[in-house]
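Summary of structural features
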Amino acid sequence: MFLAALVLMNPPALQYSETYRPQFHFTAPKGWLNDPNGLVYYRGKYHLFYQHNPFGTEWGNMTWGHATSADLIHWQNLPNALAPDQLGTVFSGSAVVDWKNTCGLGTESDPPMVMLYTAAGGTNEESKGKRFSQCLAYTTDGETFHKLPANPVLPHIEGENRDPKVVWHEPTKSWIMALYLDGDRFGIFRSSDLRKWTPAGNVTIPGSSECPDLFEIPVDGESKVKKWVLSSASGRYLVGSFDGYEFKPEQEALPGAFGPNDYAAQTFSDEPKGRRIQISWMRGGKYPDMPFNQQMSVPRELHLIRSNNKLRLAALPVRELQLLRTNKVAFTRAESTAFGQPRSNLLEIRAKVSTNSPSKIRVGRLELRCEPGKLIVGNLGSVDYLSDRSDIDLTLYIDRTSIEVFMDRGLVQFAACYLPTEAAPEIVVTGAKELTAWELKSAWTK
Ligand code: FRU
């Protein structure tokens, strides 16, 4: 009796230890997960909301799941934040801290966090016959969420318009919403209070749809030069100028995600150190007999780098991931062939390789081959080098069911899911210039 009461009061902590449970890529405790939503830093914590099916491991019943973290690595799962209602299930969207309380739903001394999301009308019984519209929810404590009774704040415009991304535009002191419209068109809307929105213009990202992100970012090494980036779910992005009304691309759309499992990336709003940190959904992968399905990428910090006459987004894993390092695996003869046998299948590997002469890094059965012109990641895919440098850096993060590769200052980022077969894969290196590897600990062990 006493024991039962104790168990009820203190439910056992989730172990996150199942065979195919990623150990430092975020997964829902149970059920399906897709896009990251509402990434924001609020009241001392990073908030990760996500597209979630609480009732099954396949897509459906879209709800915003919720987790928070002080360091972007160790997450605490919280109750779901937004559930379906008579306007529809809850599709993707974003969140901002409304510092000046422009929406009037908090106070300036206690600013609200405001979430803009798509109510996907017609996707549940209660919303039969309704169209997709954009809605507002808010919180003043980061834990309890209130939908605006007057929702939607932006009625249906066309097609399956969705995925509002909201940012503050300081020069015009306005809120801006980038919204996916239809085809490869995205709309720009403006608001002074996050509640009334007026259209300002359209932008096309050729061949792209869904989940826009919009942000300003400095150009690396060029003091005071800043550009605006508008990206889409596939990772394709435009770089240009934005005056609060019109986004003017200054170069053609470029691909931003190179691996087979990288989709719907979003960046954090209000990041306290001013970094532009992105998380994507590692769409796909297999998780046989697991209570969850799908995983997020590791958080990565974006940069804008001038390379071969283009401004390119580059992404590097956030430095907080180093919190997971344990043993350093020694390599003494990296110039020729070196062997290391880690005791873990959670690994970080950093190397320097040449883009002119071949090198290989084999981790268990997965072999990465740097060949002249391109990197081949086992049978998971390959990617061309984007710069003409002869020596480049390579960082690998290997989790239980995925690998992420960051190359050449992050110009190439390659995210792929796979089912590894070894508990402690041997590492064999041929031809790399330098190599260091760390065993990592799980983000779910205290
Ligand atoms: C992208 C997407 C979004 C939509 C959500 C629904 O993966 O299709 O456009 O809001 O997923 O789960």
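Anything mentioned here points back to the structure above.
Here we summarise the structure given alongside this text. Not measured: the values here are computed from a predicted model. (Residues numbered from 1 in each chain as written. Predicted model: local features only at pLDDT ≥ 70, side-chain atom pairs only at ≥ 80, totals over all residues. Heavy atoms only, no water.)

Quick word on the site of the ligand
Close to the ligand lie 13 residues, the nearest being Asp35, Gln51, Trp59, Arg162 and Asp163. Within the side chain of glutamine 51, a nitrogen or oxygen atom sits 2.7 Å from an oxygen atom of the ligand. In the model, an oxygen atom of the ligand is placed 3.1 Å from a nitrogen or oxygen of the serine 92 main chain. When isolated, the ligand has an accessible area of 320 Å², and the protein chains bury 91% of it. Elements supplying a minimum of two residues to the shell around the ligand: β1 (31–42), β5 (89–97) and β9 (162–169). In terms of residue class, the shell around the ligand is built from 6 nonpolar, 3 polar and 4 charged. (Near = heavy atom within 4 Å. Polar contact = N/O pair within 3.5 Å; in protein donor to acceptor, adjacent residues only side chain to side chain. Areas by Shrake-Rupley, 256 points an atom, 1.4 Å probe, with all protein chains shown as cover. Helix = DSSP H or I, 4+ residues; strand = E, 2+ residues; numbered from the N terminus. Nonpolar A, V, L, I, M, F, W, Y, C, P; charged D, E, K, R; others polar.)

What to know about the pattern of salt bridges
As enumerated under the stated definition, the model contains 25 salt bridges in all. For aspartate 262, the salt bridge is made with arginine 300, and the minimal N-O distance between the two is 3.2 Å. In this pair, aspartate 262 sits in the loop between β16 (247–249) and β17 (263–267) while arginine 300 sits in strand β21 (residues 300–307), placing the two residues 38 residues apart along the sequence. Here the two residues aspartate 262 and arginine 300 agree in accessibility, since each one is buried. Each of Glu160, Arg162, Asp163 and Glu210 takes part in a single network of salt bridges with overlapping partners. (Salt bridge = Lys/Arg side-chain N within 4 Å of Asp/Glu carboxyl O. Buried < 20%, exposed > 50% of the residue type's maximum accessible area, 1.4 Å probe, protein only.)

Describing the nonpolar core
One broad rule of soluble globular proteins: the nonpolar side chains tend to lie buried together. Counting 38 residues, the largest nonpolar core has Phe24, Phe26, Trp75, Phe268, Met296 and Leu321 as the members making the most contacts within it. Of all the elements in the fold, those that place two or more residues in this core are β1, β2 (45–53), β17, β18 (277–282) and β34 (434–440). When sequence neighbours within four positions are dropped, the list of residues in contact with methionine 296 reads His25, Phe26, Leu33, Asn34, Asp35, Pro36, Leu48, Tyr50, Ile279, Ser280, Trp281 and Met282. Judged by nonpolar contacts, the second largest core, of 36 residues, contains Ile361, Leu411, Val412 and Ala437. (Core = buried A, V, L, I, M, F, W, Y, C linked by side-chain atoms within 4.5 Å. Contact = heavy atoms within 4.5 Å.)

Notes on the environment of cysteine 370
Mapped onto the fold, cysteine 370 is located in strand β27 (residues 366–371). Judged by its relative accessible area of 1%, cysteine 370 falls in the buried class. Each C-alpha atom, one on cysteine 370 and one on asparagine 356, is 8.8 Å from the other, the two residues being 14 residues apart in sequence. Discounting chain neighbours no more than four positions away, the residues touching cysteine 370 are Val353, Ser354, Ser357, Pro358, Ser359, Leu375, Tyr385, Leu394 and Met407.

What to know about the side chain of glutamine 266
Here glutamine 266 is to be found in strand β17. For glutamine 266, a relative accessible area of 6% puts it in the buried group. Side-chain polar atoms of glutamine 266 contact the backbone oxygen of proline 212, separated by 3.0 Å. Each residue touching glutamine 266, except ones within four places of it in the same chain, is listed here: Pro36, Leu39, Lys165, Cys211, Pro212, Asp213, Ile277, Gln278 and Ile279.

Geometric values such as these leave the question of function open.
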